[in-house]
Structures are given as C-alpha cells and as structure tokens.
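For reference, the chains in residue letters:
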Amino acid sequence: MYRSENLMYLVALVSRLQTNDEEFTSIQEAYYRINAGIAGEVKMKRTLEDYHFIGPYKIFYNFECVNEKGFSHQIDALIITTRFLLVVEVKQISGTLFYKPTFHEFARQTEEGIIENFPNPFDQAYRHKLFLSHLLSKCGIQLSVLYIVVNANIRTKLDSSLDGSPIIYLSGLPNFLEKLYAKYAETTVDLDQLESKLLAISCRLPVRRKIERDRIRDGVLCEKCEFQHVLYYHHGLWICPHCGEKSKEAIFLALHQYRVLIGDRITNRELRAFVGIDCKAVASKLLKRLNFEQFGKGRGVYYLIPEDVLEQVR
Ligand SMILES: [Zn+2]
C-alpha cells in the first residue's frame, strides 16, 4: 500500500531521536497514532477487496494532492464508480466517541475516563468532498460526490450522540455501498479519464515539519536491539557491541534513514560522521562498494543516496 512521506519520516525519526529529546514522547505518540491509522487502512483494504463492486470502479488509497489555493488534501480512500465518487475517512480511535453536531465538536473518552477533543472527521471528509465536487464540475463531469467516516476499531464505542452522523463500522461498508448503488443511477462517466485527471493532480505531500540535524542520532543502529545500540565497523561487517549481531546490510537502513531525515546527498566527511568511521580511505571504499551516483569535483564531491536504497540489500 502507498505510504506517505510523513509516515516514512516518523518511522525513521522514532528510531533516531535522542530519548531525552524534549519532543520524544509527543513524536512517539504521533508515530503510534499514524500506525494505528495504517492498521485501520489495511483492514479497510481487505474489506473492499472482498466486496463485489457493481460495474467498473477504481480505488485510490491515501490520495494526496494540493488544491488550487495551495492547501493539501490527504484522503484515506477515494472510491470511484460510474455512479458516484466516495470519500472514505478511516478512523481507528479507541474508547468512546461523542459528537455535538451543533458545534461540530468531536470528542473521545478513553477507557480511563479522560475526555479529549479530536479533529472532526466529518468536517475533514466534507472538505475533501467540496474540493472534489468543485474539481469535477470544473472538468464538466457529472457525478455525485459523497463521504463516509469508517470506524475500523471494533472495540470503539459510538455514543448515541453520533446518531444520524455519517459514521459506520467497517463491517457496514459493503452495505453502505449497496445502498449507494441503489440510490444513484448509472452515468456515462469515463472512469479512465477521471482516473487520469485525479492522477494528474495527485502528489506526495512533503513532510510537515523537519527536526534539526543535531537532534538526530548518528551511527548505524542495531535493529535487533530496537535501535538502542550503535554498531561498529570491522572488516566489512557492522557489529553490535550489545547483542553481538553481525551484519553487512545494516548500513542500508542507516542510509535510508539519513536520506529521509536529513537529505539524499552525502559527502565522504558526512558519511564518516554519521556512521562513525574515522578513516577517509575506509569510507571511500565503503562508498565505492555502495556504488551511489557521484556528483561534483574535488572537495565538492557528494553522493546521491537512491530512493530505493533499502532494496539494495543483497
Ligand atoms: Zn544489538
């Protein structure tokens, strides 16, 4: 499934931020939240794969784009059929959910009884719907745009204050789709054409906020030790002083994290500082073996860490 830049950044960041960093806990929480969200999206994908769509359809998961005013949209799923276009917002919030429709106020009560407000998913989904309706009418495409909030956590309780709001349990999604099929008539919309219009505006949203370089830990970290320990380099192997793990490949994950957190360019000096190799010749040899594309001349030489650096593990 498609993963956002933000997620990739957070995953790398939680393993590389100093544990005593003032934002460590909040970043870890953001990471858990985004992971829960993904678990919800995976479940929804399975439900949709199991469902028999009536006629042609296309689904975009995690559709990201920037609107003409420069604001971003991140849509969990966009289901396109020849009868309707459905925006799906997936939630995987635990506890009990409450809603005050008059105020558009959305809250949850944790099992410990703590009540906290959450971004209103109806308003989020409605905003996507307005944007897409506008886009379709601009393109002269006549198709109803609808939205639904899907709760993917079966343990979540929906308070009766949510009665009448567009929220359902994931298991109800097939039935919801059947009702849409019954309600909306077939159109002559060309799905391929609509798909290419949507693809044309889709983009990968950049990471919302980046952490300063000096707050990111150096070193090739031991994955087995949950990134707590720094590996040292010895005769072509990365060795963990804590668990004794020996690996040739640990450098790839470290460089992937460098690329995500810091940037895709790295010089010999930056590499040495990052992975903890003192000797320039050893670093040069390592870089040669990595076979990264090289740019610049003399002191300005730098290497480009490829996007698929993790796939180079051999
Ligand atoms: Zn280890």
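This is a predicted model, so every value here is computed, not measured. Every chain's residues receive numbers from 1 upward, in the order its sequence appears when written. Reporting of local features is limited, given that this is a predicted model, to residues whose pLDDT is at least 70; pairs of side-chain atoms are given and counted only at 80 or more, and all residues count toward the totals for whole chains, interfaces and linings. Only hydrogens and water are removed before side-chain values are computed, so all heavy atoms of the structure are retained for them.

Draft legend 1. Just the packing of helix 1 (residues 5-16) against helix 6 (residues 250-261), in detail. In this analysis, axes come from line fits to C-alpha atoms, helices being fitted only over the stretch in contact, and the angle between any two N-to-C directions falls in the range 0 to 180 degrees. Runs of E in the DSSP output that reach at least two residues are strands. Runs of H or I that reach at least four are helices, and both are numbered from the N terminus. Put simply, helix 1 and helix 6 touch, their axes get as near as 9 Å, and they point 115° apart. Relative to helix 6, helix 1 is oriented so that their crossing is left-handed. Mapping the contact onto sequence places Met8, Tyr9, Ala12, Leu13, Ser15 and Arg16 in helix 1 and Ala254, His256, Gln257, Val260 and Leu261 in helix 6. Polar here means any residue other than Ala, Val, Leu, Ile, Met, Phe, Trp, Tyr, Cys and Pro, which are nonpolar, and Asp, Glu, Lys and Arg, which are charged; Gly is therefore polar. Split by residue class, the contact of helix 1 with helix 6 holds seven nonpolar, three polar and one charged. Here is the rule for handedness: rotate from the far helix to the near one, and if that takes an anticlockwise turn smaller than a right angle the crossing is left-handed, while a clockwise turn gives right-handed. Contacts are assigned to residue pairs with any non-hydrogen atoms lying within 4.5 Å of each other.

Draft legend 2. Representation of the sheet that holds strand 12 (residues 237-239) in the model. Think of it this way: DSSP has to see at least two bridges between two strands before they count as a pair. Judged by pairing direction, the sheet is antiparallel, and its four strands sit side by side in the order 10-11-12-13 without closing on themselves. With partners counted over all chains shown, the strands left at the sheet margins are strand 10 (220-221) and strand 13 (246-247), one partner each. Sheet analysis places strand 12 next to strand 13, joined by two bridges and oriented antiparallel. Its bridge partner lying in strand 13, Trp238 is registered against Ser247.

Draft legend 3. Here's a closer look at the layout of surface pockets. Here a cavity is any set of points on a 1 Å grid over the protein atoms alone where a 1.4 Å probe fits but cannot get out, and a pocket is any open set with protein on both sides within 12 Å along at least 5 of 7 lines; a residue lines the site when it has an atom within 4 Å of a point. Grid points are joined across faces, edges and corners, and a volume is the space filled by probe spheres set on the points. Counted as a void, the largest pocket has a volume near 1400 Å³. Around the largest pocket, the lining is made up of 42 residues, and of these Ala30, Arg33, Ile34, Gln74 and Arg208 lie nearest the centre. For the lining of the largest pocket, the secondary-structure elements that each account for two or more residues are helix 1, helix 2 (24-50), strand 1 (57-66), strand 2 (72-81), strand 3 (84-91) and helix 3 (121-138). It is helix 2 that provides the largest number of residues to the lining of the largest pocket, a total of eight residues.

Draft legend 4. Expanded view of the coordination of the zinc ion. The protein atoms that coordinate the zinc ion are Cys222 (SG), Cys225 (SG), Cys240 (SG) and Cys243 (SG), at distances of 2.2 to 2.3 Å. Distances define the donors: N, O and S atoms within 2.8 Å of the metal qualify, as do those within 3.2 Å of Na, K or Ca. Water is excluded, so some sites may look unfinished. Donor angles set the geometry label: tetrahedral for four donors if every angle is between 85 and 135 degrees, square planar for four and octahedral for six if opposite donors exceed 155 degrees and the others are between 65 and 115, irregular for anything else. Each of the four donor atoms bound to the zinc ion contributes to angles spanning 104 to 117°, and the resulting shape is tetrahedral. In primary-sequence terms, the residues that donate to the zinc ion follow C-x2-C-x14-C-x2-C. Taken together, the positions of Cys222 in the loop between strand 10 and strand 11 (230-234) and Cys240 in the loop between strand 12 and strand 13 put the pair 18 residues apart, joining distant regions of the chain. Exposure classes here rest on a 1.4 Å probe applied to the protein chains alone. A residue is buried below 20% of its type maximum, exposed above 50%, and partly exposed in between. What makes Cys222 buried here is its relative accessible area of 2%. Using a relative accessible area of 2% as the deciding quantity, one classes Cys240 as buried.

Draft legend 5. Expanded view of the domain arrangement of the protein. Note that the domain bounds were set by an automatic or database domain assignment. According to the domain assignment, the protein contains domain 1 (5-201) and domain 2 (218-312). Just the C-alpha atoms count here: the centres of domain 1 and domain 2 sit 38 Å apart. Should a side-chain nitrogen of Lys or Arg be within 4 Å of a carboxyl oxygen of Asp or Glu, the pair is scored as a salt bridge. For the pair domain 1 and domain 2, the interface holds zero salt bridges. N or O atoms within 3.5 Å of each other form a polar contact, as long as, within protein, one can give a hydrogen and the other can take it, and as long as residues adjacent in sequence are counted only when both atoms are side-chain atoms. At the junction of domain 1 and domain 2, the tally comes to three residue pairs in polar contact (both at pLDDT 80 or more). Taken together, the residues of the side of domain 1 that touches domain 2 break down into four nonpolar, one polar and one charged.

Draft legend 6. Quick peek at the environment of Val149. Examined against the element boundaries, Val149 turns out to sit in strand 7 (residues 144-151). Judged by its relative accessible area of 0%, Val149 falls in the buried class. In sequence terms Val149 and Glu111 are 38 residues apart; their C-alpha atoms lie 22 Å from each other. The residues touching Val149, leaving out its near neighbours within four places in the chain, are Glu89, Lys91, Pro121, Phe122, Pro166, Ile167 and Ile168.

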